[in-house]
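# Structure assessment
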Amino acid sequence: MHTVLIDDDSTSIFLMRLLLQREEFADSITAFQSAQEALGYLQQAPPAHLPKVILLDLNMPVMNGWEFLEALQPAAPQVLSHTRIYILTSSLAQTDMTRAEQNPLVTRLIHKPLDKLELQLIRAEAEQEGGVGAM
Amino acid sequence: MNRGVRQLLEGKERFRSLFEHNPDLILFQDAAGVILDANPAFLEAVRRTRAEVLDRPFRDFLPPDKAPLFQEKLAEAFRGTKVVFEVSVQLLGAEPRVLHVTKVPLWVNGQIAGVHMIAQDITTEATSRAIIEQQAKRLHTVFESITDAFFLLDKHWTFSFINSEVERLLGLGREQLLGRIIWQVFKNEDLNQFYRQCRHAVATGQAVHFEAFFEPRQLWLEIKVFPSQEGLSVYFTDITDKVKAHEQLYRQNKDLQQFAYIVSHNLRAPLTNMLGLLDLLVAQAGNAPEYAPLLSHLQLSTQQLDTVLHDMNTILSIRDKQEVSEPEPVPLAEAVAQVVANLQDLLEQCGGQVYCAIAPGLCVRGNRAYLYSIFFNLLSNAIKYRSEHRPLRVDITAVAAVGPEPAVQVVVADNGSGFDAQKAGPDIFRLYKRFHTQPGGRGLGLYLVKTHVEAMGGHISVHSEVEVGTRFVLRLP
């Protein structure tokens, strides 16, 4: 399934790509090292090109994960009908966890590193019909 | 007998009676001080007969150091004036006394025929007066020697006593305060908090204790006010330095905490990459078996590093007030039951039993998550460090504690392997301190317990004996 990775850390992107390929999670992966670029892509993408899954880092320069979600808000109904957004962060702060739980755009917060079990769970969730809206 | 004589005789009789029966010591002396007459009260006081006293100089009955005084006063009376004085004296053969002495000249035909000395025993009054004076002096010394500033306000808010520390701290002299109403000395806005606290003290009859900033002198003061029948007793000390040091410490602590946060987060980002990369490497190690042990050691080290960062984050979150929710009443029995249920598997595996004696309604003011963590850590420690020689038994009891503040005292006692409390000392609750070589522990549990207990405003202590057991006593708000 089509997956978008948003993370400023190239190693992290490399690692995620490797893992996704190994687990045969995604047939197509689009990676962005800047949240702004990712935002532009998602806002212009025709519905058919919207990803099934977005893995979003929080701590990024210029536009961080929370700012990205806020900017995405106007396009949310369209995006969410196709896409699940997961926050993937190395932060262990409880505040981030609470904030993620309260944000309707976010399916779940996942602590790095991403592993096989977590990926299986995401796959199961994403394969449910119609993304978040159908829950 | 004519009337005049009778009057004279009656006068004489009356005088005699007054002389004979007077409880005061009365003497009649000539200019040389010789005793011409003495009343029974005097004779009794010096334990002599009349014959033994008459025609002897009064100084024979005086201690040498007092004789000149009496002689001088006698001479003064012989110059025609009534003389009054007080003296502390021990007459020969008598008890030590304080005497109020009056010497009155007796005029006969325009000449002074002699002097009557009337000595009233005022020992009791003098003693009590001396005690009162001494007490007042002592009180004054006490109030001057205490380092606190101290003043008294009467019922009308008037300064009735101040010590010199008050003068020093307020920068005002005694004369500017004593006898003046507090509102005349200070501005209303400077007294607002003080007045509010005082009103509370008066209304409840209870002492109040508070800290306040005193604008006119730019001082932080720690103030205690005690209400009484007389008004208010007020003690205060200058804590400006302490408050400033505390503020600075708080700021530094905040900065350090912030720094620790940033470091732990920045460390964890590359670490998670390493963890992920290692996972993949280990999965591929089948291709190169000679690397397998190297990889597994590398993986272990990386995981240990991650554990440290997790611990650090846990500790920092407790310390960070922003992540602390408002205290709420938490039913203690419920919180403990939840922990016991979650540890049931481990308990069953080791054949351990937990006995709870907690009143169902008993509540603790605090944070549910902290309470859970406290009992979880204590109980898992009990399981981890149980004795090999007997099945584990843990007793958890809780009672409402006596004291001015509402509190709950909780005792968690086990029959486990214990530790040498003497040797461990205050280290027992410190981070990364361990007291058993087996089985493995990180030395975080008790540190967390203490941090949680204190974050809730409580207190914890521990007693332990090797191979007898460990007993934690918690006092929670």
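Counting restarts for each chain, with residues numbered from 1 along the sequence as it is written. Written order determines the labels here, with chains lettered from A and ligands numbered from 1. Predicted model: local features are reported for residues with pLDDT of at least 70 only, side-chain atom pairs are reported and counted for 80 or more only, and whole-chain, interface and lining totals are derived from all residues. Hydrogens are left out, water is left out, and the side-chain values use all remaining heavy atoms of the structure.

The name that an unreviewed UniProt entry assigns to chain B is histidine kinase, with the source organism given as Hymenobacter luteus. UniProt positions are given in the numbering used here, feature names are shortened, and annotations may be inferred rather than shown by experiment. Recorded in UniProt for chain B, the comment headed Catalytic activity (unreviewed entry) runs: "ATP + protein L-histidine = ADP + protein N-phospho-L-histidine."

Taking an unreviewed UniProt entry as the reference, chain A is identified by name as CheY-like chemotaxis protein belonging to Hymenobacter luteus.

So, about the UniProt feature "domain: PAS" (unreviewed entry) in chain B. The positions UniProt marks with the feature "domain: PAS" (unreviewed entry) are residues 11–81 and 135–205 of chain B. Strands here are runs of E lasting at least two residues and helices are runs of H or I lasting at least four, both read from the DSSP assignment and numbered beginning at the N terminus. Along residues 135–205 of chain B the backbone is 61% helical and 14% strand, and the end-to-end C-alpha distance reaches 26 Å.

Moving on to the UniProt feature "domain: Response regulatory" (unreviewed entry) in chain A. Following the UniProt record, one finds the feature "domain: Response regulatory" (unreviewed entry) at residues 2–127 of chain A. Between the C-alpha atoms that bound residues 2–127 of chain A there is a distance of 12 Å. The span itself is 46% helix and 21% strand.

This next bit is on the pattern of salt bridges. Residues and elements named next belong to chain B. Salt bridges are counted wherever a side-chain nitrogen of Lys or Arg sits within 4 Å of a carboxyl oxygen of Asp or Glu. Evaluation of the coordinates by the stated rule reveals 18 salt bridges over all chains. Here Asp306 and Arg268 are joined by a salt bridge, their closest N and O atoms 2.8 Å apart. With a gap of 38 residues between them, Asp306 in helix 11 (residues 292–319) and Arg268 in helix 10 (residues 240–284) connect regions that are remote in the sequence. What makes Asp306 buried here is its relative accessible area of 10%. Each residue gets one of three labels from its accessible area relative to the maximum for its type: buried under 20%, exposed over 50%, partly exposed in between, using a 1.4 Å probe on protein chains only. Residue classification places Arg268 among the buried residues on the basis of a relative accessible area of 3%. With a shortest N-O distance of 3.4 Å, Arg390 and Glu467 are connected by a salt bridge. You can see Arg390 sitting in the loop between helix 14 (368–384) and strand 14 (393–401) and its partner Glu467 sitting in the loop between strand 16 (459–465) and strand 17 (469–476), a full 77 residues away along the chain.

Let's shift gears to the sheet that holds strand 8 (residues 208–214) of chain B. Residues and elements named next belong to chain B. Each pair of strands is called paired provided DSSP finds at least two bridges between the two strands. Here five strands make up an open sheet; going across it, the order is 7-6-10-9-8 and the pairing antiparallel. With one partner strand each, in any of the chains shown, strand 7 (159–162) and strand 8 form the two edges of the open sheet. Averaged over all pairs of adjacent strands, the angle between their axes in this sheet comes to 25°, without regard to strand direction. Note that strand 6 (residues 149–154) and strand 7 share three bridges and pair antiparallel. Residue pairing in the sheet places Leu152 in a bridge with Phe161 of strand 7. Contacts: residue pairs with any heavy atoms within 4.5 Å of one another. Axis geometry follows a simple rule: fit a line to the C-alpha atoms, using only the stretch in contact for helices, then measure angles between N-to-C directions, giving values from 0 to 180 degrees. Against the sheet, helix 9 (residues 188–204) contacts strand 6, strand 8, strand 9 (219–227) and strand 10 (231–238), and its axis sits at roughly 170° relative to strand 8.

This brings us to helix 9 of chain B. Residue and element names in this part refer to chain B. To estimate how far a helix should extend, the number of its residues minus one is multiplied by 1.5 Å. The terminal C-alpha atoms of helix 9, which comprises 17 residues, lie 23 Å apart, in line with the 24 Å expected from a rise of 1.5 Å per residue. At Phe194, helix 9 shows its strongest bend, of approximately 35°. When helix 9 is considered as a whole, its buried residues turn out to be Asp190, Leu191, Phe194, Cys198 and Ala201. Phi turns positive one or two residues past the end of helix 9, at Gly205, with a value near 75°. Two axes define the bend at a residue: one fitted to the seven residues ending there, one fitted to the seven starting there, and the bend is the angle between them.

Turning to the sheet that holds strand 14 of chain B, a few remarks are in order. All names here are of chain B. Within the open sheet, the five strands sit side by side as 12-14-15-17-16. Their pairing is mixed. For this open sheet the edge positions go to strand 12 (353–358) and strand 16, each flanked by a neighbour on one side alone. Strand-to-strand, the axes of this sheet are offset by a mean angle of 10°, without reference to chain direction. In the sheet, strand 14 pairs with strand 15 (residues 407–414) via eight bridges, with the strands oriented antiparallel. Paired with Thr397 across the two strands is Val411, which belongs to strand 15. Contacts between helix 12 (residues 332–342) and the sheet are confined to strand 12, strand 14 and strand 15, with strand 12 contributing the most and set at about 170° to the helix.

Okay, the interface of chain B and chain A next. Each side of the interface is counted separately: chain B has 17 residues, and chain A has 19 residues. Roughly 1500 Å² of surface becomes buried between chain B and chain A when both sides are summed, with 62% attributable to carbon and sulfur atoms. In this assembly, chain B and chain A are joined by zero salt bridges. Two N or O atoms count as a polar contact when they lie within 3.5 Å, although within protein this holds only if one can serve as hydrogen donor and the other as acceptor, and sequence-adjacent residues are included solely when both atoms are side-chain atoms. Our enumeration of links across chain B and chain A arrives at three residue pairs in polar contact (both at pLDDT 80 or more). Computed with a 1.4 Å rolling probe, the buried area is the accessible surface lost when two parts are put together, summed over both parts.

We now examine the side chain of Asp414 of chain B. Residues and elements named next belong to chain B. The topology assignment puts Asp414 in strand 15. For the buried Asp414, which has no salt bridge, the nearest side chain bearing the opposite charge is Arg390, at an N-O separation of 7.0 Å. A polar side-chain atom of Asp414 sits 2.9 Å from the main-chain amide nitrogen of Gly416. The contacts of Asp414, once residues within four sequence positions are left out, are Ala382, Leu392, Arg393, Val394, Val468, Gly469 and Thr470. The charge count includes Lys and Arg as positive and Asp and Glu as negative, but it does not include His or the ends of the chains.

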